[in-house]
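Architecture at a glance
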Amino acid sequence: MLDLNVATRAENVNEFSRAYVPEGAPQVPDMPLAHLYARVSKHVTPAEWPLIARDVEAIERLKRERNAVVLGHNYQAPEIFNTVADIVGDSLALAREAVTVDADVIVMAGVHFMAETAKLLNPSKTVLMPDMKAGCSLAESITAADIRLLRQRYPGVPVVTYVNTSAEVKAESDYCCTSGNAVKVVRAVAREWGVNRILMLPDEYLAQNVQKEVPELELIAWKGHCEVHERFTPADIRDLRENHPGVVVLAHPECPPEVVAAADYAGSTAGMADYVRDEKPARVVLITECSMADNVAVGHPDIEFVRPCNLCPHMRRITLGNIRRSLETMTHQVEIDPAIADRARLAVERMLAIR
Ligand code: 13P
Ligand code: SF4
């Protein structure tokens, strides 16, 4: 089942995290922030925790002083996702939450394009990126000049770009999409523009996976790939099924189409988390960045997660240490040239208007 159409929502993890203690978690009431330790105890040793807790406490204090929130992507390391992140979700949910968030400062625990999207939607707020080098291979794969050339080559064909792109690229686009709404967006664009050809950029595999859902349309793709998801192969899925009988395979649509075809379900990071919550498979594997399984597993102690590990090196650049420094020094502030921002915002807002 391919589900690229889901209306995803952010879960405010703080509501859960401050109160929720996973079943069987070690009870260590003498530790600082013992209730949070319970959520990360599979990844952090009791000896490591006091130092981590010191950063968590400092970040919580700084958030209050600065009236700041931390938005955390589903791929963030467990010790960030389960502690200081106020709102967590997939790219679509983080973009939606960025519109309504009630704070003066937004810290993006994610990658640069996510921080730019938050800034586009909140020009008057301070958006902080703890490490400006946290990029994305998809965002690197295409430039604004590439889009201008494609428009010359395909006159009149609307351009839908994945949200994993720079603001300059978004400014040259008609619409954005995420993995959570890609099918819905291309169908809406085809309807509104009265066309059946759409440039869908830059993720070749996402475009090919969406193409299968919309055979009535012709999606013209680019050669961009996610360096994490392109490494999965159908042979990996075969091995997983052989070695873990009965395992339910969930894949992100940035994976090659043969991998998605071999999976039981494909959807955004939030789509996969929702699948686990709703279907409660006894044994599951998430074919995506590997911190995601660590984070989803916290809420599902009865489910066995098989965990192949492909880490996103860009997501890993964000640490509790640089989130803390970011709030202490109010760096690095994300700024976008207003001439670019106005056009880029339009593409993101057109996406958000499609329900
Ligand atoms: P989601 O929108 O599914 O969270 O994906 C973002 C991403 O970068 C996947 O690699
Ligand atoms: Fe980019 Fe892939 Fe990392 Fe997502 S996992 S941020 S698409 S490089």
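For the structure, check the block above.
Definitions and limits used
Residues numbered from 1 in each chain as written. Chains lettered and ligands numbered in written order. Predicted model: local features only at pLDDT ≥ 70, side-chain atom pairs only at ≥ 80, totals over all residues. Heavy atoms only, no water. Disulfide = S-S within 2.5 Å. Helix = DSSP H or I, 4+ residues; strand = E, 2+ residues; numbered from the N terminus. Buried < 20%, exposed > 50% of the residue type's maximum accessible area, 1.4 Å probe, protein only. Contact = heavy atoms within 4.5 Å. Polar contact = N/O pair within 3.5 Å; in protein donor to acceptor, adjacent residues only side chain to side chain. Salt bridge = Lys/Arg side-chain N within 4 Å of Asp/Glu carboxyl O.

Describing the state of the cysteines
This model, assessed by the stated rule, comprises one disulfide. Here C290 engages in a disulfide with C309; their sulfurs sit 1.9 Å apart. Of this pair, C290 sits in the loop between β11 (283-287) and α15 (291-298) while C309 sits in the loop between β12 (304-306) and α16 (320-329), and the two are 19 residues apart along the sequence. Owing to a relative accessible area of 7%, C290 belongs among the buried residues under this scheme. Cysteine C176 remains unbridged, with the sulfur of C177 as its closest cysteine sulfur at 7.5 Å.

Regarding helix α11 (residues 204-213)
Taken as a whole, α11 has its buried residues at E204, Y205, L206, A207, N209 and V210. In the core, the buried residues of α11 are packed alongside β5 (159-162), α10 (182-193), β7 (197-201), β8 (218-220) and α13 (257-262). N-cap assignment for α11: the residue whose side-chain oxygen lies 3.0 Å from the backbone N of Y205 is D203.

As for the pattern of salt bridges
Summed over the entire model, instances satisfying the criterion amount to 19 salt bridges. R187 is the salt-bridge partner of E216, the closest N and O atoms lying 4.0 Å from each other. Taken together, the residues span a long stretch of sequence, with E216 in the loop between α11 and β8 and R187 in helix α10 at a distance of 29 residues. Since its relative accessible area comes to 48%, E216 is described here as partly exposed. Assessed through its relative accessible area of 32%, R187 is described here as partly exposed. Ionic pairing is found between R277 and D278, a salt bridge with its closest N-O pair at 2.8 Å. Looking at R277, the relative accessible area reads 29%, which means it is partly exposed. Connected via shared salt-bridge partners are D55, R324 and E328.

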